[in-house]
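Architecture and fold: a report
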Amino acid sequence: MKPILEARHIDKHFRKPVDFHVLKDINFDVKAGEFVSIMGKSGCGKSTLLYILSTMDRDYQGELFLNAELLTGQPPNKLAFVRNKHIGFVFQFHYLLPEFSVLENVMLPARKLAECSPQQIRANALHKLEMLHISHLAQKKASRISGGEKQRVAIARALINDPLIIMGDEPTGNLDSHNSDNVLKIFRQLSDEQGLSLLIVTHDLDFANQTDRIITMEDGRIISLN
Ligand SMILES: Nc1ncnc2c1ncn2[C@@H]1O[C@H](COP(=O)(O)OP(=O)(O)OP(=O)(O)O)[C@@H](O)[C@H]1O
């Protein structure tokens, strides 16, 4: 399988208040269709790494490739385009706009690309809601649905532009075990049936054990890649 994401010798220092070597020579790939988790103690650098991999932080050493394209050193507007088109994000908090409908929330990232007509975007958003078994919520305000439903809407929104990879920072961190299992099943299906790549930071070992591979970090380094 071809690599979708390639991290080569990623290194980062925080300079203030004192020099702190937070990421040390990080090397790994995520292949097409692979579902990978990242684990490690609090403070080991997981979120800092995800921030770099998701192109939001440009201040690092090493090289980052997405679908064989070098992203390191690209200007912010190019990275913003790549992020919106090719990377889907799911966070611990859903970041839905509470006064907008579920459907409008899912459509939002597609509007920025302006590649499709509003009708096509709407049909695509409805399709994503159907995939996640929440099309009945389409017209509800985002503030009026449950926590588990909000996270499924956030996943539908992450899928709207048919990304190459989904990245998540503790996406089940706020959910009870039933809703966590649901999210896990959705991710598993996306990987197995749609060939989507996923890279998910988690503290939940049960969740991580259901992924294809666990990357374990300690003190800014990768200590295992199984
Ligand atoms: N802007 C910053 N300036 C200086 N140090 C920082 C900054 N951001 C994070 N750190 C430090 O870098 C280290 C790694 O932080 P990071 O948030 O990546 O850890 P993490 O593994 O994601 O932790 P958690 O599991 O608690 O979310 C921590 O020691 C943190 O205090």
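Provided above is the structure to which this section pertains.
Please read these numbers as outputs of a predicted model, since none were measured by experiment.

1. Some remarks on the site of the ligand
The environment of the ligand is made up of Phe 14, Phe 20, Val 22, Gly 40, Ser 42, Gly 43, Cys 44, Gly 45, Lys 46, Ser 47 and Thr 48. Listing elements by their share of the shell around the ligand, those giving two or more residues are β2 (20–31) and α1 (46–53). The dominant element in the shell around the ligand, judged by the number of residues it contributes, is α1, at three residues. Taken together, the residues of the shell around the ligand sort by class into four nonpolar, six polar and one charged.

2. Some thoughts on the sheet that holds strand β5 (residues 69–70)
Strands sit in the order β2-β1-β4-β5 across an open sheet of four strands; the sheet is antiparallel. Unpaired on one side and paired on the other, β2 and β5 mark the two borders of the sheet. Note that strand β4 (residues 61–66) and β5 share two bridges and pair antiparallel. Bridge assignment links Leu 66 to a residue of β5, and that residue is Glu 69. On top of the sheet, α1 reaches β1 (3–14), β2 and β4; it is set at about 125 degrees to β1, its chief contact.

Thresholds, definitions, all that
- Residues numbered from 1 in each chain as written.
- Predicted model: local features only at pLDDT ≥ 70, side-chain atom pairs only at ≥ 80, totals over all residues.
- Near = placed C-beta within 6 Å.
- Helix = DSSP H or I, 4+ residues; strand = E, 2+ residues; numbered from the N terminus.
- Nonpolar A, V, L, I, M, F, W, Y, C, P; charged D, E, K, R; others polar.
- Pairing = 2+ DSSP bridges.
- Contact = placed C-beta atoms within 7 Å.
- Axes fitted to C-alpha atoms, helices over the stretch in contact; angles between N-to-C directions.

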